[in-house]
Amino acid sequence: MEQANLKELEAVIAIARRGTFRAAAIDLGMSSTALSHTIGRLEASLGVRLFNRTTRSVSLTDAGRLFMQQVAPSLQDLHAALETVRSQRETPSGTIRINAAPFAARAIISPLVLEFLRRHPDMNVDIVTEGKMVDIVRDGFDLGVRVAGLVPTDMIAVSLGRPQRHAVVGSPEYFEQHGKPLVPPDLLHHRCIRVRLPDGSLFRWRFEKDGEAVQIDVQGQATLDEASLVKIAVLESTGLGYTMEQEVLNDIEAGRLVRVLEDWTPPYPGLCLYYPGRRNLSAGVRAFLELARDHSRRQVK
């Protein structure tokens, strides 16, 4: 039997982690066909199937689960050892993988990611956006970006500066026809854009004023799962939206949207960049963290 190479081992872990050949191929920077051939060669070499494949799903076989239990931790240790060696380099190079919520990725793309790439031409940054929380160590990410309250307690967090706020907005045309809510319960008499969370549940709009906290289960014709879609629907006068303040500030200033219930949406701790403290950081990750801390200091001045 031929010895499995590192690329084949990483391919198995990527497929098991992402659940599909297509998503794993994107992570690995190769085509789905090439990834399928890689797995086929490894399975032929081992003499066992590692995955059950159908046209709709991919799942580990018993042999595949055994592989993940015994090989994946060793491969993680190998990558950690390689990063330890790379961390001795003075010039940042290589790839940083970042997992972030979609709105968090939009917040960091210009001031951090693009500025980092300009400063360090030998670096690559690979961002994966998803609403649900993931284990960044298990899933092979160097850094995560989430609101402060969601950062796991075993991670080291770097604040990215300004607090966050939500905003309730509608189009001028909508308010001309339906009037404005004065207190959160008034929303029950308005058409609202509902938001579905990654776990499938519907988000309840949250408000607070003078120590009083309120959650409203709004109603409306449209249910969406992405902030950019909510803004489009609100701009089209479909209903009121509850979104991150930074997503709609330009539209408010331009008069395309009108904000209401502002005194019921106080600021809360903002975004954090986070990473595992027990891992040796590469020169690239250290440089990215330095840029993030500098950005944070400028934000709070």
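Residues numbered from 1 in each chain as written. Predicted model: local features only at pLDDT ≥ 70, side-chain atom pairs only at ≥ 80, totals over all residues. Heavy atoms only, no water.

Trainee: An account of helix H1 (residues 6–18) is needed here, citing residue identities and associated values.
Mentor: Look at H1: 18 Å from first C-alpha to last across 13 residues, which is about the 18 Å you get at 1.5 Å a residue. Regarding H1, the residues found buried are Glu8, Leu9, Ala11, Val12, Ile13, Ala14 and Ile15. Two residues or fewer past H1, Gly19 is found with a positive phi of approximately 85°. (Helix = DSSP H or I, 4+ residues; strand = E, 2+ residues; numbered from the N terminus. Expected span 1.5 Å × (residues − 1). Buried < 20%, exposed > 50% of the residue type's maximum accessible area, 1.4 Å probe, protein only.)

Trainee: Which residues make up the sheet that holds strand E12 (residues 241–244), and what are the values?
Mentor: Pairing within the open sheet is antiparallel, and its three strands lie in the order E12-E7-E13. Edge strands, defined here as strands with exactly one partner in the open sheet, are E12 and strand E13 (258–260). Neighbour to neighbour, the strand axes of the sheet diverge by 50° on average, direction disregarded. In this sheet, E12 lies alongside strand E7 (residues 166–170) in antiparallel orientation, the contact comprising four bridges. Bridge pairing links Ala167 to Thr243 in E12. The sheet contacts of helix H8 (residues 245–253) involve E7, E12 and E13, and relative to E12 the element is tilted by about 110°. (Pairing = 2+ DSSP bridges. Axes fitted to C-alpha atoms, helices over the stretch in contact; angles between N-to-C directions. Contact = heavy atoms within 4.5 Å.)

Trainee: Tell me about the packing of aromatic side chains, and name the residues and values.
Mentor: Here a ring pair, both rings aromatic, is described through the centre-centre distance and the interplanar angle of the planes. Counting across every chain of the model gives six aromatic pairs. Note on Tyr174 and Phe175: the rings are 5.7 Å apart at their centroids and 80° apart in plane angle, and the pair reads as edge-to-face. Assigned by exposure class, Tyr174 and Phe175 land together as buried. Each ring, one from Phe203 and one from Tyr242, has its centre 5.6 Å from the other, and the planes form 45°; the classification is tilted. With Phe203 in the loop between strand E8 (194–195) and strand E9 (205–209) and Tyr242 in strand E12, this residue pair connects regions lying 39 residues apart in the sequence. (Phe/Tyr/Trp six-rings, centres within 6.5 Å; stacked < 30°, edge-to-face > 60°.)

Trainee: Which residues make up the packing of helix H2 (residues 21–28) against helix H3 (residues 32–46), and what values go with them?
Mentor: As a packed pair, H2 and H3 sit with axes 9 Å apart at the nearest point and diverge in direction by 100°. Taken as axis vectors, H2 and H3 run roughly perpendicular relative to one another. Packed against H2, whose contacting residues are Phe21, Arg22, Ala24, Ala25 and Leu28, the element H3 presents Ser32, Leu35, Ser36 and Ile39 at the interface. A class-by-class count of the residues in the contact of H2 with H3 yields six nonpolar, two polar and one charged. (Parallel < 35°, antiparallel > 145°, perpendicular 65-115°, else oblique. Nonpolar A, V, L, I, M, F, W, Y, C, P; charged D, E, K, R; others polar.)

Trainee: Describe the pattern of salt bridges, naming the residues involved and giving the relevant values.
Mentor: Applying the stated criterion across every chain, the model contains 21 salt bridges. For Arg138, the salt bridge goes to Asp139, with nearest N and O atoms at 2.9 Å. For Arg138, a relative accessible area of 56% corresponds to the exposed category. In this structure, Arg259 engages Glu245 in a salt bridge whose closest nitrogen and oxygen atoms are separated by 2.8 Å. (Salt bridge = Lys/Arg side-chain N within 4 Å of Asp/Glu carboxyl O.)

Trainee: Explain the side chain of Asp139 to me, using residue names and the numbers behind them.
Mentor: Among the secondary structure elements, Asp139 is positioned in the loop between strand E4 (123–129) and strand E5 (143–147). Owing to a relative accessible area of 8%, Asp139 belongs among the buried residues under this scheme.

Trainee: Can you explain the environment of Arg56? Please cite residues and give values.
Mentor: With respect to the helices, strands and loops of the structure, Arg56 is situated in the loop between strand E1 (51–53) and strand E2 (58–60). In this structure the C-alpha to C-alpha distance between Arg56 and Leu112, which are 56 residues apart in sequence, comes to 38 Å.

Trainee: Go over the nonpolar core, please, and point to the residues and values.
Mentor: Judged by nonpolar contacts, the single largest core of 28 residues is most densely connected at Ile96, Leu143, Val145, Leu160, Leu273, Phe288 and Leu289. When residues of this core are traced back to their parent elements, those giving at least two are strand E3 (94–100), helix H5 (102–119), E5, strand E14 (271–276) and helix H9 (283–300). Beyond its immediate sequence surroundings of up to four residues, Leu160 is in contact with Ile108, Leu112, Val145, Leu271, Cys272, Leu273, Ala292, His295, Ser296 and Gln299. Counting residues in hydrophobic clusters, the runner-up holds 26 residues, among them Ala167, Val169, Leu257 and Val260. (Core = buried A, V, L, I, M, F, W, Y, C linked by side-chain atoms within 4.5 Å.)

Trainee: Talk me through the sheet that holds E3; I want residue IDs and the actual numbers.
Mentor: With respect to topology, five strands assemble into an open sheet ordered E4-E3-E5-E14-E6, the strand pairing being mixed. Whereas interior strands pair on both sides, the edge strands pair on one side only; in this sheet they are E4 and strand E6 (155–159). On average, each strand axis in the sheet is inclined to that of its neighbour by 25°, with strand direction left out of account. Strand direction decides the pairing type here: E5 and E14, joined by four bridges, are antiparallel.

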